[in-house]
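Structural characterization, general
So you can see what is in the structure, the chains are spelled out below.
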Amino acid sequence: MIPSPLAGACFLEAPMPRPIHRHVGDLSRTLSRYAHWPVLALCAALVLGIFVSSGLAAGAALSLEIGQLLFCVLVIALASYGSLLYGYKRWRAARLLAEAAAADAFWDEARLQERARSLAEPYWRAVAAMDIRSLRGALSADWCWYLDNMLTHWRGSGVRPLLLDFRFESAKVVGLEDWLDNRRDRVSLRVDVSTSFHATDLKTGNVLEGAAVTRPEQQLWHFVRGEQDWLLERVEMATGEVAYRHCVAFRECT
C-alpha cells in the first residue's frame, strides 16, 4: 500500500476543502520563503535609516538592489537546473526502458504512452463529474480509495469541479522501477495536456484547484503494474521541471 498524501485524515470532518492533486517542483516558493525575512529586515533598516542615518538608508537600499539581482539570478539558475535535470532523467529512463522492453513487452514505451493517452481525458472527465466508477479497473486500490474519499469530501463541502476543454498532447517516460518481482514494478510519465479543469469552492468563490481558463499543463502520472495492464497510482501537477528530481530510473538485475 502506498502512503496517501492525506492518509489518516478524516475527510468528512475536515473544516476546509482541499485540492485533490498535489503540486510538485515549485522551488521558487521555497526561495521566496527564505528570502522573506531578510527583505523585511532590509526594508526596516531603510525606513529607520531615513530618520536616523542617511548612511544606513543608503546601505539598506544598495543591499535591496543587490538582493533583487541575486534573486533573479537564482530563479534563472533554478530554471536551468530544472531543464538539465529533466533532460538527464529523460535520457536515463529511456535507456533503461529500452533494456526492460527487450526482456518484457509490458515495458514497451508505445504501450505506456497509449495507456496514458487512453486514460487522460476519461480520468479528468470522471473527476470533474465526481464519479470514478468507470475508472475503477484502471486505478490502483490506493488511488481509488483516495479519490473516493476526496470526492466525497468535495461534495460535502460544496466544491464544484468543471472541465470544458481537454486535449492530450504527449506522454514521456521519466522514471521506472523494474524489479525481479513484477508486483513491485512502477513507472512515471510526464503527461502534457491542454485543459480547463478547475474546482471552485462555492462557499467562498475561490478556485480550489486548477484555473478557470484553458492552459497547457504538465502532469506527472505514476503507474503500478497490474495483472493485465498498468494501473494509475497517482497524479501530480508538475509546476516546474524540478518536479522530476524524485523520479527513479532503476532495474534490478539477477
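Reading guide: rules and limits
- Along each chain, the written sequence defines residue order, and numbers are assigned to residues from 1.
- Whole-chain, interface and lining totals are the exception, using all residues; otherwise, since this is a predicted model, local features are given only for residues with pLDDT of at least 70 and side-chain atom pairs are given and counted only at 80 or more.
- To get the side-chain values, all heavy atoms of the structure are used, and hydrogens and water are removed first.
- Only DSSP runs of H or I reaching four residues or more are called helices, and only runs of E reaching two or more are called strands; each is numbered from the N terminus.
- The span expected for a helix works out to 1.5 Å for each residue beyond the first.
- Fitting one axis to the seven residues ending at a residue and another to the seven starting there, the bend at that residue is the angle between the two axes.
- Burial classes: relative accessible area under 20% of the type maximum marks a residue as buried, over 50% as exposed, and values in between as partly exposed (1.4 Å probe, protein chains only).
- Pairs of N or O atoms within 3.5 Å make up the polar contacts considered here, provided that, within protein, one atom can donate a hydrogen while the other can accept it, and that residues adjacent in sequence are counted only when both atoms are side-chain atoms.
- Two strands make a pair as long as DSSP finds a minimum of two bridges between them.
- Note on geometry: axes are lines fitted to C-alpha atoms, helical ones only across the stretch in contact, with angles between N-to-C directions running from 0 to 180 degrees.
- We call two residues contacting when some pair of their heavy atoms lies within 4.5 Å.
- Note on definitions: salt bridges are taken to be side-chain nitrogens of Lys or Arg within 4 Å of carboxyl oxygens of Asp or Glu.

1. Some details on helix α3 (residues 109–129)
Over its 21 residues, α3 runs 30 Å from end to end, which matches the ideal 30 Å to within 8%, given 1.5 Å per residue. When the local axis directions of α3 are compared, the greatest deviation, roughly 35 degrees, occurs at A120, which is followed within four positions by the proline P122. Every buried residue of α3 is accounted for by L112, R115, A116, L119, A120, Y123, W124, A126, V127 and A128. Two or three places before A110, at the start of α3, stands the capping residue D108, its side-chain oxygen 3.3 Å from that residue's backbone nitrogen. M130, located one to two residues past α3, shows a positive phi value of around 55 degrees.

2. What about the sheet that holds strand β2 (residues 159–162)?
Strand order in the open sheet formed by three strands is β2-β5-β6, and the pairing between neighbours is antiparallel. Every other strand in the sheet has two partners, leaving β2 and β6 (207–210) as the edge strands with one partner each. Pairs of neighbouring strands in the sheet enclose a mean axial angle of 15 degrees, with direction left out of account. Sheet topology places strand β5 (residues 198–201) next to β6; three bridges connect them, and they run antiparallel. Paired with A199 across the two strands is E209, which belongs to β6. Contacts from helix α4 (residues 141–157) reach β2, β5 and β6, with the element oriented near 115 degrees to β2.

3. Comments concerning the pattern of salt bridges
Under the counting rule described, the total for this entry stands at 20 salt bridges. Between R22 and E236 there is a salt bridge; the shortest N-O distance is 2.5 Å. Taken together, the residues span a long stretch of sequence, with R22 in the segment before β1 (23–24) and E236 in strand β8 (residues 230–238) at a distance of 214 residues. The salt bridge involving D229 is made with R115; its shortest N-O contact spans 3.7 Å.

Geometric descriptors of this kind do not, in isolation, establish any biological role.
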